[in-house]
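Spelled out from the first residue to the last, the chains are:
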Amino acid sequence: MPSCAKTLVAAALLAPLLAGCVGGEERHAALDPEKVERGRDLFATCAACHDIRKRRNGVGPHLVGIVGRPAGQARGYAYSEAMAGQGDRDWTPDALRAFLLDPEAAVPGTNMAITGLPPADADAVVTYLLSRE
Ligand code: HEC
């Protein structure tokens, strides 16, 4: 049954593509709206030092597009040697979570002088950052 075989081949080729599409939609749908909301509220403390709407640096570098952005590379911002020396490390959700839990442990010598967040708060803030992508 050649036509059946063709259909099977087509289905096999399309499946990963379809899975990719659904996955993309799910990624945003999967963000818990309550967590996003909580993260947005918590971000008020970050906003004292970080702009997330405009690429404008303050006490800290702007955080526009921070998820997936390479560490220490906001244009025009004078980073600590510790942060500037992160090389090609990207701010994945996991890296962000670790940094927010304990900035000094994640990037020893960083200028970001805040006490780490409790895990649930770090999670909520990262979820909020993801919702802005
Ligand atoms: C008191 C000011 C201050 C507060 C509050 C603050 N930060 Fe920062 N943040 C900084 C500074 C300063 C740096 C640069 C660190 C360095 O150069 O070592 C930084 C760096 C960062 C970076 C790395 C950016 C990059 O370009 O690599 C991230 C991500 C970040 N902060 C997220 C947050 C989040 C999320 C919060 C809220 C939970 C927060 N910060 C609260 C001052 C602050």
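Let me sum up the structure you'll find in this document. The shown structure was predicted, so the numbers you read here are calculated from the model rather than taken from an experiment.

1. Overview of the overall build of the protein chain
Step number 1: Looking only at helices and strands, the protein chain features six helices and zero strands.
Step number 2: Mapped from its N terminus to its C terminus, the protein chain presents α and β elements in the order α-α-α-α-α-α.
Step number 3: Counting all 133 residues of the protein chain, 32% fall into the buried class.
Step number 4: Excluding contacts between residues fewer than 6 apart, the proportion of contacts in the protein chain whose partners are at least 24 apart in sequence is 43%.
Step number 5: A total accessible area of about 8500 Å² is found for the protein chain, and carbon and sulfur atoms account for 60% of it.

2. Quick notes on the coordination of the iron atom of the ligand
Step number 1: All of the protein donors around the iron atom of the ligand are His50 (NE2) and Met112 (SD); their distances to the metal are 1.9 to 2.0 Å.
Step number 2: Between the six donor atoms coordinating the iron atom of the ligand, the angles at the centre fall across 86 to 178°, so the site counts as octahedral. With His50 in the loop between α2 (33-46) and α3 (81-84) and Met112 in the loop between α5 (103-106) and α6 (119-131), the pair connects residues that are 62 residues apart, well separated along the chain.
Step number 3: When its relative accessible area of 12% is taken as the criterion, His50 is described as buried.
Step number 4: On the basis of relative accessibility, which here comes to 21%, the residue Met112 falls in the partly exposed class.

3. Side note on the side chain of Asp121
Step number 1: Among the secondary structure elements, Asp121 is positioned in helix α6.
Step number 2: Assessed through its relative accessible area of 16%, Asp121 is described here as buried.

4. Describing the packing of aromatic side chains
Step number 1: Under the counting rule described, the total for this entry stands at three aromatic pairs.
Step number 2: Here Phe43 and Tyr128 contribute two aromatic rings whose centre-to-centre distance is 5.5 Å and whose plane-to-plane angle is 50°, an arrangement assigned as tilted. Of this pair, Phe43 sits in helix α2 while Tyr128 sits in helix α6, placing them 85 residues apart in sequence. An identical accessibility class is assigned to Phe43 and Tyr128; each is buried.
Step number 3: Taken together, a centroid distance of 4.7 Å and an interplanar angle of 75° make the contact between Tyr77 and Tyr79 edge-to-face.

5. Observations regarding the nonpolar core
Step number 1: Core analysis: the biggest nonpolar cluster contains 26 residues, and Phe43, Ile66, Met83, Trp91, Leu96 and Leu129 have the highest contact counts within it.
Step number 2: Residue assignment for this core shows that the elements contributing at least two residues are α2, α3, α4 (93-101) and α6.
Step number 3: Sort the elements by how many residues they give to this core and α6 lands first, with six residues.
Step number 4: Excluding residues within four positions of it along the chain, Leu129 makes contact with Phe43, Ile52, Ile66, Val67 and Leu96.

6. What about the site of the ligand?
Step number 1: Surrounding the ligand, one finds 26 residues, the nearest of these being Cys46, Cys49, His50, Ser80 and Met112.
Step number 2: Those elements that provide at least two residues to the shell around the ligand are α2 and α4.
Step number 3: Element by element, the count of residues in the shell around the ligand is highest for α4, at three residues.

What counts and what doesn't
Residues numbered from 1 in each chain as written. Predicted model: local features only at pLDDT ≥ 70, side-chain atom pairs only at ≥ 80, totals over all residues. Heavy atoms only, no water. Helix = DSSP H or I, 4+ residues; strand = E, 2+ residues; numbered from the N terminus. Buried < 20%, exposed > 50% of the residue type's maximum accessible area, 1.4 Å probe, protein only. Contact = heavy atoms within 4.5 Å. Areas by Shrake-Rupley, 256 points an atom, 1.4 Å probe, with all protein chains shown as cover. Donors = N, O, S within 2.8 Å, 3.2 Å for Na, K, Ca; no water. Tetrahedral: all angles 85-135°; square planar, octahedral: opposite > 155°, others 65-115°. Phe/Tyr/Trp six-rings, centres within 6.5 Å; stacked < 30°, edge-to-face > 60°. Core = buried A, V, L, I, M, F, W, Y, C linked by side-chain atoms within 4.5 Å. Near = heavy atom within 4 Å.

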